[in-house]
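Each chain, letter by letter, is given below.
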Amino acid sequence: MKKKLLYIAAACLLLPAMPAAGQDSLQYERNITLAEAIALARVQSVDAAVALNELKTAYWEYRTFRADLLPEVNFTGTLPNYNKSYSSYQNADGSYTFVRNNTLGLSGELSINQNIWFTGGTLSLTSSLDYVQQLGRGGNRQFMSVPVGLELTQPIFGVNNLKWNRRIEPVRYAEAKAEFISATEEVTMTTITYFFNLLLAKETLATARQNKENADRLYEVAIAKRKMGQISENDLLQLKLNALQGQADVTEAESNLNAQMFQLRSFLGVSEQEMLNPVLPESVPHLTMEYKDVLDKALERNSFAHNIRRRQLEADYQVATARGNLRSIDLFASIGYTGQNRDFSSSYRNLLDNQIVEIGVSIPLLDWGKRRGQVKVAKSNREVVLSQIRQEQMNFNQNIFLLVENFNNQARQLDIAEQADGIAERRYNTSVETFMIGKISTLDLNDAQNSKDEARQTHIQELYYYWYYFYQLRSLTLWDFEQNAPLEADFEAVVRQ
């Protein structure tokens, strides 16, 4: 009775010191399927956030380009300009004197600017007003107005940047959209890797615990058999070693399970209190891929096709820029009306013509072949890009071919692995029963156990490869083969997230 009281008292003293154990009890187990893990990764993973931000950057770059093609309204002004200073003035006889300036000025201009993409020029409609007030005794004031003015700035032989941008930027944005969908599928592929790593660790631990339990049971039976002289001392020691090895395997499998659990939880962005229990996928889509069909979809929809087109256009643009730099002629023309008067309203009456035409020319007469050399360099770079594209195209086609072959073969490999797993499991169970009645040796039993463990791991690995190849094909073709439909996204809604 006294001992019981002491145990109760000790337990009461230990209760306040157990918050850590209480915190561990907050952990709960959660079953998670492959589809659920993929859905979580596409929303919560860091990789998905990076893909989304890259899409947003490309979207706003494209919006900026589109804005360059639209009219732009600007207001510029000086409100006010106060000037109290001295400046030099040359008299008629050549002598200089200094005059005092003491003025207050105001100016403002409203303009509507429109880039002309097919010529590369800029057309501006302007309206401005300037006011100058001389300060001090006897000072006067003056208004000058330009009610309406039309200005044209046009390069004659230079490269038309706007025209090239209209060709390049839509391709660049299409490439970015395709890359976003591909990146989403790559997030899925990473999820599959982590999911099956955890699933394999879970199965390994379950196998290790089962093997340990069987090894302990067989060792106990072996002790009894040894006493009756039915087995040798060598077989008994071997079974004891199996029991010890089973204990070590359980410890190692538990450690590996915790590591894989942390990796998947971290990637999915879930709480550390959740003990994820991956569920083995029971079925896979039974599909057979055709190389030509997969290649056509990849060349049509993959970002690689847009990337090739963009790089070709950029190489041509560099050649056009180098050629445009051989000579430069710019035209500036301005027409409108202007008026001036001491009164504000009168400055808008009795208007006078205001016309300006300027043609600026920049033609190098002797540059020792520098600009023509730049054209040659640009052409050489274009040839390098085209050669690289041809090689990349061949590699891309080859990768598609190998991936299709691997996927089609994987379906057969998975079927074989699934059958082998079942057979090895039945063989092991039979071997345990046979050993119990003394019909087989420990070597045969160990062989059956190893075959069972390897078959189970191979089954899970083949299942992993099947899903990985499947989503890799989706990422390259941007095509849902199960639904036979393209992978699409509402990009306007996505960038608003």
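Values in this document were obtained by computation on a predicted structure and should not be read as measured data.

Caption draft 1: Region of interest: the overall build of the protein chain. Looking only at helices and strands, the protein chain features eleven helices and ten strands. Relative to the globule expectation of 23 Å for 497 residues, the C-alpha radius of gyration of the protein chain, 40 Å, shows a markedly less compact shape. For the protein chain, the C-alpha atoms occupy an extent of roughly 140 × 70 × 45 Å along the three principal directions. Here the protein chain holds 497 residues, and 34% of them are scored as buried. When the accessible area of the protein chain is evaluated, it comes to approximately 30300 Å², of which 53% is carbon and sulfur surface.

Caption draft 2: Spatial organisation of helix α4 (residues 46-68). If you check α4, its first and last C-alpha atoms are 34 Å apart, about what 23 residues at 1.5 Å a residue would give, namely 33 Å. Turning to α4, its buried residues are Ala-48, Ala-51, Leu-52, Leu-55, Lys-56, Ala-58, Tyr-59, Tyr-62 and Phe-65. Buried residues along α4 sit against α3 (34-44), α5 (161-227) and α11 (491-495).

Caption draft 3: The arrangement of the nonpolar core in detail. Among the nonpolar cores identified, the biggest contains 53 residues, and Phe-196, Leu-268, Leu-276, Met-289, Trp-467 and Leu-473 are the most heavily contacted of them. Those elements that place two or more of their residues in this core are α3, α5, α6 (233-268), α7 (291-301), α8 (303-324), α9 (370-436) and α10 (442-477). With eleven residues, α5 is the single largest residue contributor to this core. Discounting chain neighbours no more than four positions away, the residues touching Trp-467 are Leu-34, Ile-192, Phe-196, Pro-281, Ser-283, Val-284 and Pro-285. Leu-52, Leu-55, Tyr-173 and Val-495 belong to the second-largest nonpolar core, a separate cluster that totals 20 residues.

Caption draft 4: Examining the environment of Met-436 more closely. Along the chain, Met-436 turns up in helix α9. Along the primary structure Met-436 and Ala-411 are separated by 25 residues, whereas in three dimensions their C-alpha atoms are 38 Å apart. Excluding residues that lie within four positions of it along the chain, Met-436 makes contacts with Arg-217, Leu-218, Val-221 and Lys-225.

Caption draft 5: Just the packing of α8 against α9, in detail. Remark: α8 packs on α9, axes separated minimally by 8 Å, with the N-to-C direction vectors making an angle of 170°. Between α8 and α9, the angle is such that the two are roughly antiparallel. The residues of α9 that touch α8, namely those facing Phe-304, Ile-308, Arg-311, Gln-312, Ala-315, Asp-316, Gln-318, Val-319, Ala-322 and Arg-323, are Gln-374, Val-375, Ala-378, Lys-379, Arg-382, Val-385, Leu-386, Gln-388, Ile-389, Glu-392, Gln-393 and Phe-396. Residue composition of the contact of α8 with α9, by class: eleven nonpolar, five polar and six charged.

Caption draft 6: Summary view of the sheet that holds strand β3 (residues 96-116). The six strands are arranged β2-β3-β4-β5-β7-β8 in an open sheet whose pairing can be described as antiparallel. Every other strand in the sheet has two partners, leaving β2 (72-90) and β8 (352-362) as the edge strands with one partner each. Taking each pair of neighbouring strands and ignoring which way they run, the sheet shows an average axis angle of 20°. Across eleven bridges, the pairing between strand β4 (residues 121-134) and strand β5 (residues 141-155) is antiparallel. Bridging across to β5, Thr-122 finds its partner in Thr-153.

Caption draft 7: A look at the packing of aromatic side chains. All told, the structure shown has 24 aromatic pairs when counted by the stated rule. On the basis of an interplanar angle of 55° and a centroid distance of 5.8 Å, the ring pair of Phe-196 and Tyr-464 is categorised as tilted. Of this pair, Phe-196 sits in helix α5 while Tyr-464 is found in helix α10, placing the two residues 268 residues apart along the sequence. Classification of Tyr-464 as buried rests on a relative accessible area of 19%. A centroid spacing of 6.1 Å and a plane angle of 85° characterise the contact between Tyr-466 and Trp-467, whose relative ring orientation is edge-to-face. Taken individually, Tyr-466 and Trp-467 each receive the classification buried, so the pair is uniform in this respect. Ring-pair connections join several aromatic residues into one group, and the members of that group are Phe-195, Phe-196, Tyr-464, Tyr-465, Tyr-468 and Tyr-469. Over the ring of Trp-479 we find Lys-297, and its NZ or CZ is 4.6 Å from the ring centre. Directly above the ring of Tyr-428 sits Lys-452, whose terminal nitrogen or CZ lies 4.9 Å from the centroid.

Caption draft 8: Structural context of unusual backbone geometry. In this structure, the amide linkage connecting Leu-79 to the following residue, Pro-80, adopts the cis form with an omega of -5°. For Pro-80, the position within the fold is in strand β2. One non-glycine residue, Leu-478, lies in positive phi territory at about 55°. Its place among the elements puts Leu-478 in the loop between α10 and β9 (479-480). Given the relative accessible area of 2%, Leu-478 is considered buried. Although it is not a glycine, Asn-484 sits at a positive phi angle of roughly 55°.

Caption draft 9: Summary view of the pattern of salt bridges. One pass over the full model with this rule turns up 22 salt bridges. With a shortest N-O distance of 2.8 Å, Arg-30 and Glu-274 are connected by a salt bridge. Of this pair, Arg-30 sits in strand β1 (residues 28-32) while Glu-274 sits in strand β6 (residues 274-278), and the two are 244 residues apart along the sequence. With relative accessibility at 9%, the residue Glu-274 sits in the buried group. With its nearest N and O atoms 2.7 Å apart, the salt bridge here joins Asp-293 to Lys-297.

Rules behind the numbers
Residues numbered from 1 in each chain as written. Predicted model: local features only at pLDDT ≥ 70, side-chain atom pairs only at ≥ 80, totals over all residues. Heavy atoms only, no water. Helix = DSSP H or I, 4+ residues; strand = E, 2+ residues; numbered from the N terminus. Rg over C-alpha atoms; globule rule 2.2 N^0.38 Å. Buried < 20%, exposed > 50% of the residue type's maximum accessible area, 1.4 Å probe, protein only. Areas by Shrake-Rupley, 256 points an atom, 1.4 Å probe, with all protein chains shown as cover. Expected span 1.5 Å × (residues − 1). Contact = heavy atoms within 4.5 Å. Core = buried A, V, L, I, M, F, W, Y, C linked by side-chain atoms within 4.5 Å. Axes fitted to C-alpha atoms, helices over the stretch in contact; angles between N-to-C directions. Parallel < 35°, antiparallel > 145°, perpendicular 65-115°, else oblique. Nonpolar A, V, L, I, M, F, W, Y, C, P; charged D, E, K, R; others polar. Pairing = 2+ DSSP bridges. Phe/Tyr/Trp six-rings, centres within 6.5 Å; stacked < 30°, edge-to-face > 60°. Lys NZ or Arg CZ within 6 Å of the ring centre and 35° of its normal. Salt bridge = Lys/Arg side-chain N within 4 Å of Asp/Glu carboxyl O.

The values reported here are purely geometric and, on their own, carry no functional implication.
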